[in-house]
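# Survey of secondary and tertiary structure
Given next are the chains, with one letter for each unit.
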Amino acid sequence: MKCDIVLAGVGGQGILSIATVLGFAALENNLYLKQAETHGMSQRGGAVQSYLRLSDRPVYSDLIPFGKADLILSVEPMESLRYLPYLSAEGYVVTNITPFMNILNYPEIELVMDEIKRLPRFVAIDAEAIAKEIGNSKTSNMVMLGAATPFIDIALQSIEHGIREIFGRKGEEMVSLNLRALHAGREFALANR
Amino acid sequence: MTKKLLLGVEAIGQGAIDGGISGVYAYPGTPSTEITEYIQGNKLAVSRNIHREWSANEKTALESALGMSYAGKRAIVCMKHVGLNVAADPFMNAAMTGINGGLIIAVADDPSMHSSQNEQDSRYYGKFAMIPVLEPSNQQEAYEMTRTGFDLSEKLGTPVLLRITTRLAHSRAGVIPVHSATVENNLKLPSDPLQFILLPAFARKRYQTLLDKQVDFERFSDESPFNGIIEGADHSLGIICCGIALNYLLENFPDGSPYPILKITQYPLSSKMVKKFEKLVDKLLIIEEGYPIVEEQLKGFFDYGKPVSGKLDGTLPRSGELNPDIIAKALHLKSASCNAIPPLVANRPPALCKGCGHNDLFLALDEVMSDYGDGHVFSDIGCYTLGVLPPYHSGNTCVDMGSSITMAKGAADAGLFPAIAVIGDSTFTHSGMTGLLDAVNEKSNILIMIGDNESTSMTGGQDSAAFGRIESICKGAGVGSEHIHVIGALPKNHEKLVSLIRHEIDYQGVSIIIPRRECVQKAARRISERKKENSGLNVL
Ligand SMILES: Cc1ncc(C[n+]2csc(CCOP(=O)(O)OP(=O)(O)O)c2C)c(N)n1
Ligand code: SF4
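Residues numbered from 1 in each chain as written. Chains lettered and ligands numbered in written order. Predicted model: local features only at pLDDT ≥ 70, side-chain atom pairs only at ≥ 80, totals over all residues. Heavy atoms only, no water.

### Quick notes on the overall build of chain B
Secondary structure assignment for chain B yields 20 helices and 18 strands. Compactness check: chain B gives a C-alpha radius of gyration of 25 Å against a globular reference of 24 Å for 540 residues, within 12% of the reference. For the C-alpha atoms alone, the extent of chain B along its principal axes is close to 75 × 65 × 60 Å. Taken over 540 residues, chain B has a buried fraction of 58%. For chain B, restricting intrachain contacts to residue pairs at least 6 apart in sequence, the fraction spanning at least 24 positions comes to 78%. Looking at chain B as shown, the accessible area adds up to about 22300 Å², and 56% of this sits on carbon and sulfur atoms. (Helix = DSSP H or I, 4+ residues; strand = E, 2+ residues; numbered from the N terminus. Rg over C-alpha atoms; globule rule 2.2 N^0.38 Å. Buried < 20%, exposed > 50% of the residue type's maximum accessible area, 1.4 Å probe, protein only. Contact = heavy atoms within 4.5 Å. Areas by Shrake-Rupley, 256 points an atom, 1.4 Å probe, with all protein chains shown as cover.)

Next up, the structure:
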């Protein structure tokens, strides 16, 4: 098993919560893992990414080589395109479609979506809408994680367990909310891959 | 022994706790900050009451740690690479005094300048001071080398420099810590009462001691379990990998490198080891993150000997951090084909948060400065550096912490009018206060705007060293009370701030305006922490 993931988003969108859940799941499955994060300057509304590498063999580099990522998981549509050089020929892009427009020259969203639709394998998902349906828009990152699960070779139970570990502190209510978000995202991806 | 998922910096924090420190001393700086924050949040560190407060700057941090070492206890000092410039004086002289309790100076370099103004390589400082340098290649080694680094320091009687770079600092991996932490040292004064007195007559002896120790330092590098040769079948090339360079190489050879590798994680370079390795192979490639320090040492001035390649001959790029692709290219390996970034993808530079008080400072300053034209504003380092970028025009310089005040003073000395410094509260107490004294003593004609957000925000919102006391410091330095103004950094005060700036530009001498409002991020964190406390939940 080997899964190299580029997690993408904008500083403040909280992509690391996704990485944390996957990290728990990976440890539980005795997988090797490296996860490089962005800290510092660009956290202020800049482009941020995390390189998450899971494998049943030792992982050496903290960075993913170009053309080797199995998955780009982006919580923002334009950001999903920024890391295309990392995507492998068979890789998937799973991206949220709600733009984060904190710059004046943000391209027209239709053009961004056209670029995404041109990719051979992608899932474009309205994570906010699904999260709202579930009852809490703050769960959109777990919707995104759910949408990525079909492409990550880790048992769903382990990922659910990760959510319990991370959100357990905030009470049972938050756990079940985030679990529902995970499942809703997963179902969408399975139906729209 | 449970595996913990730790950032490289957290692994260092855990290693320091398990190594029996009695204190961490630090000034924040990306990518080193979380070493200290990890220790601050650690249960054992709290129950042992390990010293874990922030220092005013890197120099005071290192000196305090040296004081703790003098008293016989173990300490770690943490900073980013440019922080070592600030602490260079005690750093060089701590090499002279040596230590009593174990002392590790952890410095995080930032090749590619992700969050820094340069990419200097701290290993040169280690060589300059002639002390051992540790450069772990992964998170587990970062933990181990820190934990055992205190023993090394005490055995050799020297401070040890621990050097990491951004990727190791901010990448997580499974780390297996030891069962129990070493007990702290007891208070114990140095056995030689002259050891820490660097008067010339004694210092000469200390220097000789340092020179004599070099043999031991090299022997320890030679015997380090973290250094060594990894065999490979093809001896046409030998690759020397320093620190994390090894990972990028092995990424290209997951089933093992065809070429022999010399793994270096502890300096000074063991000449015995390097010579042995050189005999094995026809030519050498040196892969190191940062400056080509090993390559310079090994490349003969007259080009005798076996060919040495690396950064100096262009085999590897001279600047920026390494990655697996750079190394694939250097070794002429095939890399995977990859897509381009579509041209429509726009840059997303960092920006001030919505509602940031620095915005109010810049809007007022920009308005006044439009009368004088560009080139009069000396900025400094912090969130407010963003004032140099559009939509603002509030800054023509950004050099090193504290330089806004002193550069404004120098420019005023040269006749520039007006000369305005923009500096943050933490930067002011880090190294702006001394420059202020110069300016006051000479009655320099400058205006200093201290953007006081009651926080060290750029690095994540650590507490500000002189919370609520900035104006008294200015007064104490001798600025006249009538020229020190504190004003809320709020949109409703815009006109007032504009006229204050105008008024103080007209004053011949040092004036201070302190637009003050708590950083919005800091306020949000404070409120959410209070909520958690009230709800009785444990905060991690
Ligand atoms: C010598 C040195 N040490 C540390 C840093 C890292 N650093 C950059 S800005 C900053 C603090 C800024 O705080 P403040 O001046 O209060 O401004 P704010 O970010 O809060 O606006 C720090 C610690 C640095 N660049 N140089
Ligand atoms: S973190 Fe604080 S100081 Fe920095 S930009 Fe945001 S609000 Fe302003």
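### Section: the overall build of chain A
Counting its regular elements, chain A contains 7 helices and 6 strands. The linear arrangement of helices and strands in chain A, starting from the amino end, is β-α-β-β-β-α-β-α-β-α-α-α-α. The globule rule puts the C-alpha radius of gyration for 193 residues at 16 Å, and the 16 Å found for chain A is close to it. Counting only C-alpha atoms and orienting by the principal axes, one finds that chain A spans roughly 40 × 40 × 35 Å. Within chain A, the proportion of its 193 residues that are buried is 60%. Contacts in chain A between residues far apart in sequence, at least 24 positions, make up 65% of those at least 6 positions apart. Counting only carbon and sulfur atoms, one obtains 51% of the accessible surface of chain A, whose full area is about 7600 Å².

### So, the site of ligand 2
As a matter of local geometry, ligand 2 sits amid R44(A), L352(B), C353(B), C356(B), H358(B), C383(B), N453(B), S457(B), C519(B), V520(B) and Q521(B). Among the residues forming the shell around ligand 2, the class breakdown is 6 nonpolar, 4 polar and 1 charged. (Near = heavy atom within 4 Å. Nonpolar A, V, L, I, M, F, W, Y, C, P; charged D, E, K, R; others polar.)

### A closer look at the sheet that holds strand 4 (residues 103-109) of chain B
All names here are of chain B. The sheet built from 6 strands is open, its strands ordered 2-3-4-6-5-11 with mixed pairing. Since the sheet does not close on itself, it has two edges, and those belong to strand 2 (23-26) and strand 11 (266-267), each with one partner. As judged from the 4 bridges shared by strand 2 and strand 3 (residues 75-80), these two strands associate in the parallel manner. Residue A26 lies in a different strand from strand 3, and its bridge partner there is C78. Docked against the sheet, helix 4 (residues 58-70) engages strand 2, strand 3 and strand 4, running at close to 165 degrees with respect to strand 3. (Pairing = 2+ DSSP bridges. Axes fitted to C-alpha atoms, helices over the stretch in contact; angles between N-to-C directions.)

### Some remarks on the site of ligand 1
All names here are of chain B. Not every one of the 25 residues close to ligand 1 is listed here, only the nearest: E58, H358, D425, T427 and N453. The separation between a nitrogen atom of ligand 1 and a polar side-chain atom of E58 is 2.6 Å. Note that an oxygen atom of ligand 1 is positioned 2.7 Å from one of the side-chain N or O atoms of D425. Its free accessible area being 590 Å², ligand 1 has 97% of it covered by the protein chains. Those elements that place two or more of their residues in the shell around ligand 1 are helix 5 (81-86) and helix 17 (425-441). Looking at the shell around ligand 1 residue by residue, the class counts come to 9 nonpolar, 13 polar and 3 charged. Formed jointly, the shell around ligand 1 draws a minimum of three residues from each of two domains, domain 1 (4-212) and domain 3 (357-523). (Polar contact = N/O pair within 3.5 Å; in protein donor to acceptor, adjacent residues only side chain to side chain. Domains from an automatic or database assignment.)

### Considerations on the interface of chain A and chain B
Taken together, the 46 residues of chain A in the interface contact 49 residues of chain B. For the pairing of chain A and chain B, the buried interface totals around 4200 Å² over both sides, and the portion due to carbon and sulfur atoms is 58%. At the surface where chain A touches chain B, the tally comes to 5 salt bridges. The partner of R348(B) in a salt bridge is E79(A), with the nearest N and O atoms 2.6 Å apart. Counting the contacts that link chain A with chain B gives 19 residue pairs in polar contact (both at pLDDT 80 or more). Broken down by secondary-structure element, the contributors of at least two residues to the side of chain A that touches chain B are helix 1 (16-28), strand 2 (32-36), strand 3 (47-55), helix 2 (77-82) and helix 3 (109-117) of chain A. Residue classes in the side of chain A that touches chain B are distributed as 23 nonpolar, 11 polar and 12 charged. (Buried area = accessible area lost by both parts, 1.4 Å probe. Salt bridge = Lys/Arg side-chain N within 4 Å of Asp/Glu carboxyl O.)

### Considerations on the domain arrangement of chain B
All names here are of chain B. Domains assigned within chain B are domain 1 (4-212), domain 2 (228-330) and domain 3 (357-523). Using C-alpha coordinates to define each centre, domain 1 is positioned 27 Å away from domain 2. Listed by partner, the interface residues are 22 residues for domain 1 and 25 residues for domain 2. Carbon and sulfur atoms supply 50% of the area that domain 1 and domain 2 bury against each other, a total of about 1900 Å² over both sides. In this structure, the connection of domain 1 to domain 2 is made through 3 salt bridges.

### Details of the packing of aromatic side chains
One pass over the full model with this rule turns up 11 aromatic pairs over all chains. One aromatic cluster is present, built from ring pairs that chain together Y51(A), F66(A) and Y86(A). (Phe/Tyr/Trp six-rings, centres within 6.5 Å; stacked < 30°, edge-to-face > 60°.)

### Observations concerning the pattern of salt bridges
Residues and elements named next belong to chain B. Inspection of the entire model under this criterion finds 35 salt bridges over all chains. Its salt-bridge partner being D463, residue K522 comes within 2.7 Å of it at the nearest N-O pair. Linking K522 in helix 20 (residues 520-534) with D463 in the loop between strand 16 (446-451) and helix 18 (470-477), this pair joins segments that are 59 residues apart in sequence. Classification of D463 by relative accessible area gives exposed; the value is 58%. A single salt-bridge network, built from bridges that share partners, covers D109, D121, R123, E135, R163 and E288.

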